[in-house]
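# A structural walkthrough
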Amino acid sequence: MAETSAKISPLDPVWRRVREEAFDMVRAEPLLGGLIHSSLLHHPSLERALAYRFSLKLASGEMSEQILREIADEAYASDPELGQSARADVTAVFDRDPACLRFIQPILFFKGYQAIQAYRIGHWLWQNGRKDMAYFVQMRVSEVFGVDIHPAARVGKGIMIDHAHSIVIGETAVVGDNVSMLHSVTLGGTGKEDGDRHPKIGDGVMIGAGAKVLGNIHVGHCSRIAAGSVVLHDVPHNTTVAGVPARVIGEAGCSQPSVTMDQLINDEI
């Protein structure tokens, strides 16, 4: 007898939870039913839903929703890492942002999450040699969300950008996994030099509001950069830096600053 096997759908707890929350939201606020059905419940997967949101948000008179939707669908279909990163990002926002009470919120309402997913599609375009289209995505993300991330920059997964106003991440910047940053953060260069000229941010780093990290410098894993600091030199692992220019003022205070989101310096100065 020939062996047969049942086709088992892969488990996707993040998407299952998003759908459950979507049904709850429709019941609680029927006027949002159209938005929730078109954005989430109409789609078979998180990737398809994100592609729809990408096209809806970035479409303009210069580029139609249909074209952008096709680009996003192709990106998600060809690179499973995009969907995995999207799930890690939404979990990070839920875990770290006290204003986030449900997984559905970042997907529908939080521009930091939406901007980073759009950047990921732009980065996919860049990696696949479609640099002009990647620049177009960068432009629209900046116009729509106020977040300017060069498509060549490398950004890890589990990223939380809180409020996400006036974020700038330069071309040769690298951001590790599980990084948290607040509004008005710049990962920039220091002049007109070419080549590798932007910061390298380690895993688990927390960057406070208004901080500027400039030049081809390294910020060690699980470090903290205080709000308003200007960082011009390497930062060791597991340390806190603050000031203009920033200096080391003590240890990070915990093993995962980006998760605890503790921004108080206390008596370290």
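We now turn to the structure provided with this report. These figures come from a predicted structure and were not determined experimentally.

Tracing the backbone shows Q127 in helix α7 (residues 111–127). Residue Q127 is classed as exposed on the basis of its relative accessible area of 53%.

Here the largest pocket is characterised by a volume of approximately 200 Å³. Surrounding the largest pocket, 13 residues form its lining, E81, S85, R120, H123 and V155 being those nearest its centre. Only α5 (80–96) and α7 provide two or more residues apiece to the lining of the largest pocket. Looking at which element gives the most residues to the lining of the largest pocket, the answer is α7, with five residues. Classifying every residue of the lining of the largest pocket by side-chain character gives four nonpolar, four polar and five charged.

Attention now moves to the sheet that holds strand β10 (residues 212–214). Pairing in this open sheet of five strands is parallel, and the strands run β1-β4-β7-β10-β13 from one edge to the other. In this open sheet, the two strands that pair with only one neighbour each are β1 (147–149) and β13 (230–231). Direction of pairing for strand β4 (residues 167–169) relative to strand β7 (residues 186–188): parallel, over a ladder of two bridges. When the sheet's bridge partners are listed, V168 is paired in β7 with T186.

Before going further, it helps to examine the pairing of strand β14 (residues 239–243). Of all five residues in β14, four are buried; the element is thus mostly enclosed. Judged from the two bridges that link them, strand β12 (residues 224–225) and β14 form a sheet pairing that is parallel. In the strand pairing of β14, I225 is matched with V241. Alignment of β14 against strand β15 (residues 246–251), held across five bridges, turns out to be antiparallel. Considered in β15, the bridge of T240 is made with G250. The hairpin formed by β14 and β15 contains two residues between the paired strands.

Conventions used here
- Residues numbered from 1 in each chain as written.
- Predicted model: local features only at pLDDT ≥ 70, side-chain atom pairs only at ≥ 80, totals over all residues.
- Heavy atoms only, no water.
- Helix = DSSP H or I, 4+ residues; strand = E, 2+ residues; numbered from the N terminus.
- Buried < 20%, exposed > 50% of the residue type's maximum accessible area, 1.4 Å probe, protein only.
- 1 Å grid on protein atoms, 1.4 Å probe; cavity = no way out; pocket = protein on both sides within 12 Å on 5 of 7 lines; lining within 4 Å.
- Points joined across faces, edges and corners; volume = space filled by probe spheres on them.
- Nonpolar A, V, L, I, M, F, W, Y, C, P; charged D, E, K, R; others polar.
- Pairing = 2+ DSSP bridges.

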